[in-house]
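# Per-entry structural report
The primary structure of each chain is shown beneath.
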Amino acid sequence: MSDHIKLFIPGPVEVRKEILDAQAQWMIGHRGKPFEALFARVQSKLRQVFFTQSRVFISTSSGTGLWEAAARNCVSDDPHAGVVATVCGAFSERWANVFERNGKATTWLRVEEGKAIKPEMVRQALLARAADPARRPFEAIAIVHNETSCGLTNPLAEIVATVKALSPDTLILVDAVSSLGGVKIDFDSLGLDVLLTSSQKCFGLPPGLAFAAVSDRALAKAKTVKNRGYYFDFVELEQFLLKNHTPATPAISLMFALDRQLDDMLAEGLENRFARHARLAQLTRRWASDRFALFAERGYESDTVTCVANTRGVDVSALNRFLAARGMHISDGYGALKGKTFRIAHMADTTEADLQALLDAIDDFLIQQS
Ligand SMILES: *Cc1c(COP(=O)(O)O)cnc(C)c1O
């Protein structure tokens, strides 16, 4: 049995020992040359993972901080304009709330939990807005690429094409917290404006850092928006990034780990990494469909986390107690889906052998139950 509990939850994920160890280096000052070199190294590698020539801001916060950043930098306080927030589960709902709590006019475009946001719905919302003489075009649209609570991936490219065709000035803000690094998202080809993620999911790092690719267009918009605050101000972050600095003291230990992990991700090869995620997902989906059912709408199942509909009424807490004895842990359903679903994350550095061991253990539990 392993010396610790391996996490198969959608964040924080299992972190390899080499990565944990990479954090344990002597401190360096964040205004000196060694830090500037570290920042420059991770910046160029992050740009590869985000498929962009643009900047990638590094934030000492979790991904939620960058939700707030996107809200405060990319949407004005104009009550007649604002953001259209697409909502298909718990995380996209929370991001919509973040816009509202920051005082931004927020139009909710909601579908039933477990269903995908369809380009046609977005088209209708954009047409309705264009036909409304009292309102201005949406300044931004918010899309959660991979809705972690449902194990569902939205058709990002199709949604983006719809927005570009009907409302070209609308900024496209994408949360890829539980997919970026495991699934290919090409920031530059898609023409995205903000693409944000956290360290503790597909990057396979401990929690505490978040990253966002930001377009020139989004940065230009930020300069026109009032009350951007300070900690997450894109304009401030950009000034420091140009000198390979961060405005405030960053989580330097995590950046050591990031430097090492990005090397390992690029050594694996990004396309290989994405293909591995797709294989793990197929394995999990086949297993789950044979024994239970999949919660996400057919055709939109996530390649990084599978949400299993608990059709056998398994006691998920009892299952986790059983798994703990074998050094493993999975995730119960999120919020209202607790007990009705459970989730198996297959992201970051998970191997086929790790995953198969987990699925075998759950099978042993099911046999014992029957
Ligand atoms: C985990 C998650 C978040 C929240 O990120 P934190 O790093 O915990 O702040 C946001 N969106 C999605 C889709 C997530 O999976």
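Residues numbered from 1 in each chain as written. Predicted model: local features only at pLDDT ≥ 70, side-chain atom pairs only at ≥ 80, totals over all residues. Heavy atoms only, no water.

This brings us to the domain arrangement of the protein. Under the domain assignment used here, the protein contains domain 1 (6–14 + 269–369) and domain 2 (17–266). Taking only C-alpha atoms, the centre of domain 1 and the centre of domain 2 are 26 Å apart. Of the residues lining the interface, 26 residues belong to domain 1; the matching set on domain 2 comes to 34 residues. Our enumeration of links across domain 1 and domain 2 arrives at two salt bridges. The shortest N-O distance in the salt bridge between Glu271 and Lys184 comes to 3.2 Å. The tally of links from domain 1 across to domain 2 stands at 17 residue pairs in polar contact (both at pLDDT 80 or more). Elements supplying a minimum of two residues to the side of domain 1 that touches domain 2: helix H11 (270–291) and strand E12 (305–309). At five residues, H11 tops the list of elements feeding residues into the side of domain 1 that touches domain 2. Residue classes in the side of domain 1 that touches domain 2 are distributed as 14 nonpolar, five polar and seven charged. (Domains from an automatic or database assignment. Contact = heavy atoms within 4.5 Å. Salt bridge = Lys/Arg side-chain N within 4 Å of Asp/Glu carboxyl O. Polar contact = N/O pair within 3.5 Å; in protein donor to acceptor, adjacent residues only side chain to side chain. Helix = DSSP H or I, 4+ residues; strand = E, 2+ residues; numbered from the N terminus. Nonpolar A, V, L, I, M, F, W, Y, C, P; charged D, E, K, R; others polar.)

For H11, with 22 residues, the first-to-last C-alpha span of 32 Å sits near the 32 Å given by 1.5 Å per residue. Taken together, the buried positions of H11 are occupied by Leu270, Arg273, Phe274, Arg276, His277, Leu280, Ala281, Leu283, Thr284, Arg285, Trp287 and Ala288. The inward-facing, buried residues of H11 contact helix H2 (33–50), helix H10 (252–268), strand E11 (293–294), E12, strand E15 (341–345) and helix H13 (352–369). (Expected span 1.5 Å × (residues − 1). Buried < 20%, exposed > 50% of the residue type's maximum accessible area, 1.4 Å probe, protein only.)

This paragraph deals with the side chain of Thr153. Along the chain, Thr153 falls in strand E7 (residues 152–153). Separated by 2.7 Å, the side chains of Thr153 and Asn146 make a polar contact. Ignoring any residue separated from it by four or fewer positions in sequence, one finds Thr153 in contact with His145, Asn146, Tyr300, Glu301, Ser302 and Asp303.

To continue, consider unusual backbone geometry. The omega torsion of the bond from Gly11 to Pro12 falls at -5 degrees, within 30 degrees of zero and hence cis. Within the secondary structure, Pro12 is located in the loop between strand E1 (6–7) and helix H1 (17–22). Even without a glycine there, the phi angle at Asn244 is positive, about 60 degrees. Along the polypeptide, Asn244 turns up in the loop between helix H9 (234–241) and H10. Phi is positive for Ala348, close to 65 degrees, though the residue is something other than glycine. Among the structural elements, Ala348 can be located in the loop between E15 and H13.

The immediate surroundings of the ligand are formed by 14 residues, with Ser62, Thr64, Thr148, Ser198 and Lys201 found nearest. The contact in question runs from an oxygen atom of the ligand to an N or O atom on the backbone of Gly63, over 2.8 Å. Between the ligand and the protein, one listed contact pairs a nitrogen atom with a side-chain N or O atom of Asp175 at 2.7 Å. Coverage of the ligand by the protein chains reaches 91% of its 380 Å² of free accessible surface. For the shell around the ligand, the leading source of residues is helix H3 (residues 63–74), giving three residues. Looking at the shell around the ligand, its residues break down into four nonpolar, eight polar and two charged. (Near = heavy atom within 4 Å. Areas by Shrake-Rupley, 256 points an atom, 1.4 Å probe, with all protein chains shown as cover.)

Before going further, it helps to spend a moment on the nonpolar core. A general trend in soluble globular proteins is that nonpolar side chains are found buried together. Counting 87 residues, the largest nonpolar core has Trp95, Val194, Leu195, Phe203 and Phe234 as its most contacted members. For this core, the leading source of residues is H10, giving eight residues. Mapped onto the domain boundaries, this core takes at least three residues apiece from domain 1 (6–14 + 269–369) and domain 2 (17–266). For Val194, the contacting residues outside a window of four places in its chain are Ala70, Cys74, Ile172, Leu173, Val174, Phe187, Ala212, Ala213, Val214, Ala218 and Phe234. Membership of the second largest hydrophobic core comes to 24 residues, among which are Val308, Val314, Phe322 and Leu366. (Core = buried A, V, L, I, M, F, W, Y, C linked by side-chain atoms within 4.5 Å.)

Pairing is antiparallel in the open sheet, where four strands are placed in the order E11-E12-E15-E14. A single partner strand is all that each edge strand has here, and the edge strands are E11 and strand E14 (331–332). With two bridges joining them, E14 and E15 adopt antiparallel strand pairing. Pairing of Asp332 across the sheet is with Phe342, part of E15. (Pairing = 2+ DSSP bridges.)

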